[in-house]
Protein chains: 2
Amino acid sequence: MLETTIAAIRPLDEPAVAAARDLQARLTKPAGSLGALEGLSVRLAGLAGTCPPPLPEPAAVAIFAGDHGVHAQGVTPWPQEVTVQMIGNFLAGGAVVNAFARQAGATVTVVDVGVATVPPVDAAEVSMGPRLVAANVRRGTRDMTVTAALTRDEARAAVETGVRVAGELVDAGAGILLTGDMGIGNTTPSAALIAAFTGVDPAAVTGRGTGVDDETYQRKIDVVRAALRRHRPDPADPLGVLAAVGGLEHAALVGLILGGAARRVPVLLDGVIAASAALAAAAFAPDAVGAMVAGHRSAEPGASVALRHLGLDPLIDLGLRLGEGTGALLALPVVTGAVRVLHEVATFDAAGVSEK
Amino acid sequence: MLETTIAAIRPLDEPAVAAARDLQARLTKPAGSLGALEGLSVRLAGLAGTCPPPLPEPAAVAIFAGDHGVHAQGVTPWPQEVTVQMIGNFLAGGAVVNAFARQAGATVTVVDVGVATVPPVDAAEVSMGPRLVAANVRRGTRDMTVTAALTRDEARAAVETGVRVAGELVDAGAGILLTGDMGIGNTTPSAALIAAFTGVDPAAVTGRGTGVDDETYQRKIDVVRAALRRHRPDPADPLGVLAAVGGLEHAALVGLILGGAARRVPVLLDGVIAASAALAAAAFAPDAVGAMVAGHRSAEPGASVALRHLGLDPLIDLGLRLGEGTGALLALPVVTGAVRVLHEVATFDAAGVSEK
């Protein structure tokens, strides 16, 4: 299934790209005056293979949740139980991602792909709001400083879960997929993945996550360095990298991105967890980058390193470092606006406006 | 009326600021993880004088339109008639501002405060969509390189038009005012205003507007320099500055900002035209800055100089240089999201989520 998905990912459609460029030049605005929105609209036309591309509606956020064996190394001050507690908060609609999703009119799907304890589900809550998908591959990764975080089969199963979720959301009508994540400790495997795929030193891609003190921060860098030294992951073998130093939510996000790209639906990336998964997705299928839109520049330094490696410029830069999909949701109206211009704005000819 | 409005502008309400800071710390997210949104939500609580502050809904864009005598100096390749033609485009709903306003659920009000020719109004169109307010103070400014652009009385009349529009929009229920503008040539007086209020050299605050070649760009700088040399405007006399080197839409935007601040409603600034007007508004009433939210960082260099002078960080930075209110509309969901967090996100206690 992973191989079929990768094979389905194709380059942008050049005639649609050309048609969108031509249309942008005829709309009632100075050429180039919409800045980054113009190039984005052109790329999304190429992705859809038609101009104008469909409006990216409705939007679907998929929050993949997992726990991390490396939590034992003291890389975060937050207890691991917060992962499952936050799933309860998502399902009850009380998290920031819920507030932003309501505002944006986006659905929220929470996927337990690797949480350490079984999330308690209140059926009444779930029927009214966010949906929980039970797809646990294993109850948390192993400690990557001791052994590989996952077997290759586990990593593949998590990736394929993401592909399946992407397919189900697109089948249900989603016009854009937004990446979300929850997993206490998950900025540590993100840093390891980014260092592995980009070759950048761990100290330059490791951040303070949800807020760690100097001592924990130094330990976090040491942990990433130790894991990379132990496994020496090969960036040309993305499944091997994910198995060695990844997380189950990271692997599932790789699948979501590949699944979206195969269906030619844009995937709006949230923060550093998504950016690290995007590197793996690009290693599986370089053309998948055509479907990726960087929602925001996370405060985590690794996110900027990863996005630069992918050649992606984020739409929003507000110092967010919350995760959950919040940064992607804030960027969604920019993506929709970029496409809407191609649908709704009059041309100079039609509006009777003089050109310069 | 201007004096009454200025007298009504007060500092932020400190108890509401403190309450919002305290609430932010109890919500289910790591402290500080919403970056710039947290401080924004706190400030808007202080502006409203209550925590949480009301959601900034509905939003109202006011597009002030004017023409410029300095157009005769060849500062832009666009013919002056485009101002009135674009008003027709706004009223027909075909401009980018209309597309973004529909997406954001914002109303659009077009105000002829200084257009050179009478806008032709199709009553059927106006009844269905954007509204045109006829409030022409004079049919375009005078050429500021030859004489003052406006008399003090004309400048005051335009400012008071903006105050009146702000009052009418707030009376009609608007929870936030967005600045919009239309005026071929209006980045030239914007640069002059910014140089006058900040003391920064014209070459550093003059940009290429809607896109001018090197020769026109140099002429534009020379024109700004010549106007400032002729009038030597005193930044402590904002009405004098507006009269000497301003535009009618600039003056009206000053009024919109002051009117919003007096009513304690946030004013979301668009690009360089708004930023230049914001400097004048701050010169009239320093506490008005508390009501200003910088929507985006315009590609025009003067906008960044002005925002820095005001101590405002823009929410979005995508290289836009279109005007009309488009950058403010793109930023609106960020403002709404920042406030929504205070309304809808669960506290650690209520959600049963452990703290670090």
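This is a predicted model, so every value here is computed, not measured.

K.L.:
Can you explain the packing of aromatic side chains? Please cite residues and give values.
P.N.:
Summed over all chains, the structure comprises 2 aromatic pairs over all chains. Ring centres of Trp78 of chain A and Phe348 of chain B lie 6.0 Å apart, and the angle between their planes is 25 degrees; this geometry places the pair in the stacked category. A residue pair is termed interchain when its members come from two chains, as with Trp78 of chain A in the loop between strand S1 (59-66) and helix H4 (81-92) and Phe348 of chain B in helix H16 (residues 348-351). Since its relative accessible area comes to 7%, Trp78 of chain A is described here as buried. Residue classification places Phe348 of chain B among the buried positions, given a relative accessible area of 6%.

K.L.:
So what's going on with the layout of surface pockets? Residues and values would help.
P.N.:
Roughly 510 Å³ of volume is contained in the largest pocket. Elements supplying a minimum of two residues to the lining of the largest pocket: helix H5 (96-104) and helix H15 (326-344) of chain A together with helix H5 (96-104) and helix H15 (326-344) of chain B. Grouping the amino acids of the lining of the largest pocket by side-chain chemistry returns 18 nonpolar, 6 polar and 4 charged. In this structure, the second largest pocket spans a volume of roughly 250 Å³.

K.L.:
Account for the environment of Gly74 of chain B, naming residues and giving values.
P.N.:
All names here are of chain B. Secondary-structure assignment places Gly74 in the loop between strand S1 (59-66) and helix H4 (81-92). Gly74 sits in the partly exposed class, given a relative accessible area of 23%. The sequence separation of Gly74 and Arg219 amounts to 145 residues, and the corresponding C-alpha distance is 7.7 Å. In this structure, Gly74 is in contact with Thr216 and Arg219, ignoring residues within four places of it in sequence.

K.L.:
Run through the sheet that holds strand S5 (residues 267-269) of chain A, naming residues and quoting values.
P.N.:
All names here are of chain A. The strand order S3-S2-S1-S4-S5-S6 describes an open sheet built from 6 strands, whose pairing is parallel. The sheet terminates laterally at strand S3 (131-134) and strand S6 (292-294), the two strands that pair on one side only. Averaged over all pairs of adjacent strands, the angle between strand axes in this sheet comes to 30 degrees, irrespective of strand direction. Both S5 and S6 contribute to a ladder of 3 bridges, which runs parallel.

K.L.:
Pulling in residues and values, what's your account of the packing of helix H8 (residues 187-198) of chain B against helix H14 (residues 301-310) of chain B?
P.N.:
All names here are of chain B. Running from N to C, H8 and H14 point in directions that differ by 35 degrees, and their axes come no closer than 10 Å. The element H8 and its partner H14 pack so that their crossing is left-handed. Only Gly302, Ala303, Val305, Ala306 and His309 of H14 make contact with H8, whose side of the interface consists of Ile194, Phe197 and Thr198. Per-class residue counts for the contact of H8 with H14 are 5 nonpolar, 3 polar and no charged.

Criteria and cut-off values
Residues numbered from 1 in each chain as written. Chains lettered and ligands numbered in written order. Predicted model: local features only at pLDDT ≥ 70, side-chain atom pairs only at ≥ 80, totals over all residues. Heavy atoms only, no water. Phe/Tyr/Trp six-rings, centres within 6.5 Å; stacked < 30°, edge-to-face > 60°. Helix = DSSP H or I, 4+ residues; strand = E, 2+ residues; numbered from the N terminus. Buried < 20%, exposed > 50% of the residue type's maximum accessible area, 1.4 Å probe, protein only. 1 Å grid on protein atoms, 1.4 Å probe; cavity = no way out; pocket = protein on both sides within 12 Å on 5 of 7 lines; lining within 4 Å. Points joined across faces, edges and corners; volume = space filled by probe spheres on them. Nonpolar A, V, L, I, M, F, W, Y, C, P; charged D, E, K, R; others polar. Contact = heavy atoms within 4.5 Å. Pairing = 2+ DSSP bridges. Axes fitted to C-alpha atoms, helices over the stretch in contact; angles between N-to-C directions. Left-handed = near helix turned anticlockwise from the far one by under 90°.

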